Amino acid sequence: MGGTYVLGIDLTRAATIEVGALGRIEFDAGAYAYVGSAFGPGGFARVDRHRQLAAGDRDTRHWHIDYLLGHAETSLETAITFPDADRECELADRLPGERVTGFGASDCDCSAHLLAAPGLETVRDAAVAEGGTLESE
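Conventions we followed
Residues numbered from 1 in each chain as written. Predicted model: local features only at pLDDT ≥ 70, side-chain atom pairs only at ≥ 80, totals over all residues. Heavy atoms only, no water. Disulfide = S-S within 2.5 Å. Buried < 20%, exposed > 50% of the residue type's maximum accessible area, 1.4 Å probe, protein only. Helix = DSSP H or I, 4+ residues; strand = E, 2+ residues; numbered from the N terminus. Pairing = 2+ DSSP bridges. Phe/Tyr/Trp six-rings, centres within 6.5 Å; stacked < 30°, edge-to-face > 60°. Lys NZ or Arg CZ within 6 Å of the ring centre and 35° of its normal.

A.B. asks: Describe the state of the cysteines, and please don't skip the residues or the numbers.
C.D. replies: This model, assessed by the stated rule, comprises 0 disulfides. Cys108 takes part in no disulfide bond, and the closest cysteine sulfur, belonging to Cys110, lies 3.7 Å away. Looking at Cys110, the relative accessible area reads 24%, which means it is partly exposed.

Structure follows, in C-alpha cells:
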C-alpha cells in the first residue's frame, strides 16, 4: 500500500550537511517535518527504509531526506501515513513550520517538502488532525 507520509525528525545539534545536488545546507537544532510520497514500488516500505537509514542500518542516499536522516545527530521520531492519498504538496503547504527552500521538492512546484517545525508534538498533532494515522515502529 502507498500514499503520503510525514516524518517527524529531531536534530539534536545544529549542523551543516551536504545534501546531494542542493549542496551544503545549515540546519538549526530542533524539530523538522518531511512530507514524502510512497506511491512507487514497495509503498510505505519507504518509511521503513527511512527508519533504517536514521538508525545507521543503511548507508545509500537517493533522496534529499536521506542526507538529513543519515546524519549522526538526527533521529526519526515519528511517522504519520495517509494511505492511498496523494497529498504531498498540500501537506507540505499546510503543516506548521518554515520551509527549507528546495529540500525534497525537485519534482514539483513547491518551495520545499521539509519544514523547520515548532516541535515534534506540534507536527504529529497537525498531521493527525489532517487525517493521518500515527505509525508505530
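A.B. asks: Tell me what's going on with the pairing of strand β2 (residues 15-19), and back it up with residues and numbers.
C.D. replies: Alternating positions in β2 separate cleanly, Ala15, Ile17 and Val19 being buried on one face and Thr16 and Glu18 remaining unburied on the opposite face. Here β2 pairs with strand β3 (residues 23-27) via 5 bridges, running antiparallel. Within β3, the residue paired with Glu18 across the bridge is Arg24. In this antiparallel pair of consecutive strands, β2 and β3, the connection spans 3 residues, and Gly20 shows a positive phi of 45 degrees.

A.B. asks: I'd like a rundown of the packing of aromatic side chains, residues and numbers included.
C.D. replies: Scanning the entire structure with this criterion turns up 4 aromatic pairs. Seen from their ring centres, Tyr5 and Tyr34 are 6.3 Å apart, and the 50 degrees between their planes marks the pair as tilted. Of this pair, Tyr5 sits in strand β1 (residues 3-11) while Tyr34 sits in strand β4 (residues 30-37), placing them 29 residues apart in sequence. Both residues of the pair, Tyr5 and Tyr34, count as buried. When the centroid spacing of 6.5 Å and the interplanar angle of 80 degrees are considered together, the rings of Tyr34 and Phe103 count as edge-to-face. With Tyr34 in strand β4 and Phe103 in the loop between β6 (98-99) and β7 (114-117), the pair connects residues that are 69 residues apart, well separated along the chain. No difference in accessibility class separates Tyr34 from Phe103, as the two residues are buried. A network of ring pairs unites the aromatic residues Tyr5, Phe27, Tyr32, Tyr34 and Phe103 as a single cluster. A cation over an aromatic ring shows up here: Arg46 above the ring of Trp63, its NZ or CZ 4.4 Å from the ring centre.

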